[in-house]
Amino acid sequence: MSTQRTATLTVDGKTVEFPIMKGTHGNDVIDIRTLGAKTGLFTYDSGFLSTASCQSRITYIDGDKGELLYRGYPIEQLAENCTFLEVAYLLKQGELPNLQQKLTFEKTIKTHTMVHEQLVKFFQGFRRDAHPMAVMVGVVGALSAFYHEVTDFSDAEHRNISFNRLVAKLPTIVAMAYKYNTGQPFMYPRNDLDYTANFMYMMFGTPCEQYKPNPVLVKALDLIFTLHADHEQNASTSTVRLSGSSGANPFACISAGIACLWGPAHGGANEACLQMLEEIGDVSRVGEYIKRAKDKNDSFKLMGFGHRVYKNFDPRAKLMGKVCADVLAELGLENDRLFKLARELEKIALEDPYFIEKKLYPNVDFYSGIVQKALGIPTSMFTCIFALARTVGWMTQWEEMLTDPEYKIGRPRQLYIGTARRDVPSLDKR
Ligand code: SDX
């Protein structure tokens, strides 16, 4: 007796069976890869609400439990016990590093933090007030014009070098985008500083005086990187996977991921959330905006609320709320206007029947803007910070896709609803 679970589909009197695949956790899936051949039918799932695009071992999200696991470890425990680079190593290798592996990986990353001096010239083409995410898309994409000696991505060493270069250089490029926007000189990376302290030095240091990163703030930002490192098959990760599936250069694929992340429905929500809080301005106006968010005829959405997968709380939002409180306390900003407004907005929204019914909870973007603003990071840079951290997840997912034995170029089909076949009329008959 076969124990293989199957799903049966009967169409026009014909019955076909499809195997059900079981994962370690979460939803099992129906393997419908033979559906077209067996029935001549495709599935329709605009927005991929019920579609698994791949098998993955990297990240697991349980939207009902509010659970996020990186390689099986709960995000809460990683946030408490690991640095961002230890998490980057975990995501890439599948296991946490021991002390020797940690030190070796940190040293490897440190020796790749500088960018080619020619890359500096790419910045000159942008207006100083260009959005930093536009600069990031351009400059990270331009990295694909370098490193011609490393283009065989069937070779693990070439994949490793590309991973190390991107993880190491993203902080440098993000800091350069910020410095270019402010008109201040670029700060070269310093190998005597750890990853996140070095990033803060490149962002806020100047050649004119000593800059010593505040360790409490460094630790907070390092945790923010960890919370943003990966998130299974979100829109930007799916973009990286799909562009990588054609064999495209990984630097170009990461640039595509950055472009997708920029959208306000995705990674751009932290910037949009802070702008929304500034627009609301005062607790007395929260009700007006909650009303707008519930109005079907109003396109306004409460930025930082809701999630495709989390239909309970986003565990990252809880951790981000704590980081936010810690940073504000460290900086003596406990009475920060926006933070108090955000707390009030969260409380009111979570008690509102609409948000309860729609299962709309604060997501990772709700507090991240406030804490980044407190860290001195300008609003326009928030999504660049998100991209810096998510590069680890994007590159790990890119490598998993390339090394998947079932790897194929991604090529979805469609339901054609356009004009039926017709003949071209002569010009005098149009
Ligand atoms: C990220 O995928 C990921 O994992 C992404 C991410 C990651 O780490 O990669 O977690 C990062 O992108 C977080 C999400 C950041 N975006 C925002 O905060 C923008 C505001 N949120 C919404 O745009 C929305 O909630 C989404 C895009 C996040 C999720 O959209 P879905 O899953 O397509 O859900 P939906 O838009 O269909 O909403 C379901 C219902 C709708 O009402 P009905 O049509 O059913 O009547 O809830 C409503 C929506 O109108 N709704 C909201 C709302 N979000 C959803 N109403 C008011 N305010 C909101 N924020």
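Note that the structure is a prediction, hence the values are computed from the model and not measured.

Chemist: Whenever I open this one, helix α6 (residues 132-142) confuses me. Can you help?
Modeler: Side chains of residues three or four places apart in an α-helix project in the same direction, reflecting 3.6 residues per turn. Counted residue by residue, α6 has 8 buried out of 11 residues, so it is predominantly covered. When α6 is considered as a whole, its buried residues turn out to be Pro132, Met133, Val135, Met136, Val139, Val140, Gly141 and Ala142.

Chemist: Which parts of the structure should I look at to understand the pattern of salt bridges?
Modeler: Pairing between side chains of opposite charge can happen when their charged atoms approach one another. Counting across every chain of the model gives 23 salt bridges. Aspartate 28 is the salt-bridge partner of arginine 5, the closest N and O atoms lying 2.7 Å from each other. Pair noted here: arginine 5 is in the segment before β1 (6-11) and aspartate 28 is in the loop between β2 (14-21) and β3 (29-30), with a separation of 23 residues, a long-range link. Here aspartate 31 and arginine 33 are joined by a salt bridge, their closest N and O atoms 2.6 Å apart. Connected through salt bridges with shared partners, the residues Arg5, Lys22 and Asp28 form a single ionic network.

Chemist: Is there a simple way to think about the domain arrangement of the protein in this case?
Modeler: It is common to give the size of an interface as the accessible area lost on bringing the parts into contact. Domain boundaries in the protein define domain 1 (6-52) and domain 2 (53-408). Between domain 1 and domain 2, the C-alpha centre-to-centre distance is 34 Å. Contacts between domain 1 and domain 2 engage 9 residues on the former and 7 residues on the latter. Between domain 1 and domain 2 lies a buried interface of about 550 Å² when both sides are counted; carbon and sulfur atoms form 53% of it. Across the pair glutamate 406 and arginine 33 runs a salt bridge, and its minimum N-O distance is 3.0 Å. Across the domain 1-domain 2 interface, the total number found is 3 residue pairs in polar contact (both at pLDDT 80 or more). Tallied by class, the residues present in the side of domain 1 that touches domain 2 amount to 4 nonpolar, 4 polar and 1 charged.

Chemist: Got a minute to help me understand a nonpolar patch on the surface in this structure?
Modeler: Taken together, the side chains of Tyr44, Leu415 and Ile417 present a nonpolar region at the surface, about 440 Å² in accessible area. Note that leucine 415 resides in the segment after α18 (382-402).

Chemist: Would you take a moment to explain the site of the ligand for this structure?
Modeler: Surrounding the ligand, one finds 24 residues, the nearest of these being His231, His307, Arg308, Arg316 and Arg390. Within the backbone of alanine 265, a nitrogen or oxygen atom sits 3.0 Å from a nitrogen atom of the ligand. Between arginine 316 and the ligand, the recorded distance is 2.7 Å, taken from a side-chain N or O atom to an oxygen atom. Burial of the ligand by the protein amounts to 78% of the accessible area it has alone, namely 1,000 Å².

Chemist: Hey, could you run me through the packing of aromatic side chains in this one?
Modeler: The relative placement of two aromatic rings is captured by the distance of their centres and the angle of their planes. Under the defined criterion, the tally for this structure stands at 19 aromatic pairs. Here phenylalanine 305 and phenylalanine 355 contribute two aromatic rings whose centre-to-centre distance is 5.8 Å and whose plane-to-plane angle is 70°, an arrangement assigned as edge-to-face. Note that phenylalanine 305 is positioned in the loop between α13 (286-294) and α14 (315-330) and phenylalanine 355 in helix α16 (residues 353-357), a separation of 50 residues in sequence. Considered together, phenylalanine 305 and phenylalanine 355 belong to a single accessibility category, that of buried residues. An aromatic cluster of three or more residues is present, and its members are Phe305, Phe339, Tyr354, Phe355, Phe366 and Tyr367. Directly above the aromatic system of tyrosine 180 lies the positively charged group of arginine 128, at a separation of 4.1 Å from the ring centroid. The cationic tip of arginine 190 hangs over the ring face of tyrosine 201; the distance from NZ or CZ to the ring centre is 4.8 Å.

Scoring rules and cut-offs
- Residues numbered from 1 in each chain as written.
- Predicted model: local features only at pLDDT ≥ 70, side-chain atom pairs only at ≥ 80, totals over all residues.
- Heavy atoms only, no water.
- Buried < 20%, exposed > 50% of the residue type's maximum accessible area, 1.4 Å probe, protein only.
- Helix = DSSP H or I, 4+ residues; strand = E, 2+ residues; numbered from the N terminus.
- Salt bridge = Lys/Arg side-chain N within 4 Å of Asp/Glu carboxyl O.
- Domains from an automatic or database assignment.
- Contact = heavy atoms within 4.5 Å.
- Buried area = accessible area lost by both parts, 1.4 Å probe.
- Polar contact = N/O pair within 3.5 Å; in protein donor to acceptor, adjacent residues only side chain to side chain.
- Nonpolar A, V, L, I, M, F, W, Y, C, P; charged D, E, K, R; others polar.
- Patch = residues over 30% accessible without salt bridge, like charges linked within 9 Å, V, L, I, M, F, W, Y side chains within 5 Å.
- Areas by Shrake-Rupley, 256 points an atom, 1.4 Å probe, with all protein chains shown as cover.
- Near = heavy atom within 4 Å.
- Phe/Tyr/Trp six-rings, centres within 6.5 Å; stacked < 30°, edge-to-face > 60°.
- Lys NZ or Arg CZ within 6 Å of the ring centre and 35° of its normal.

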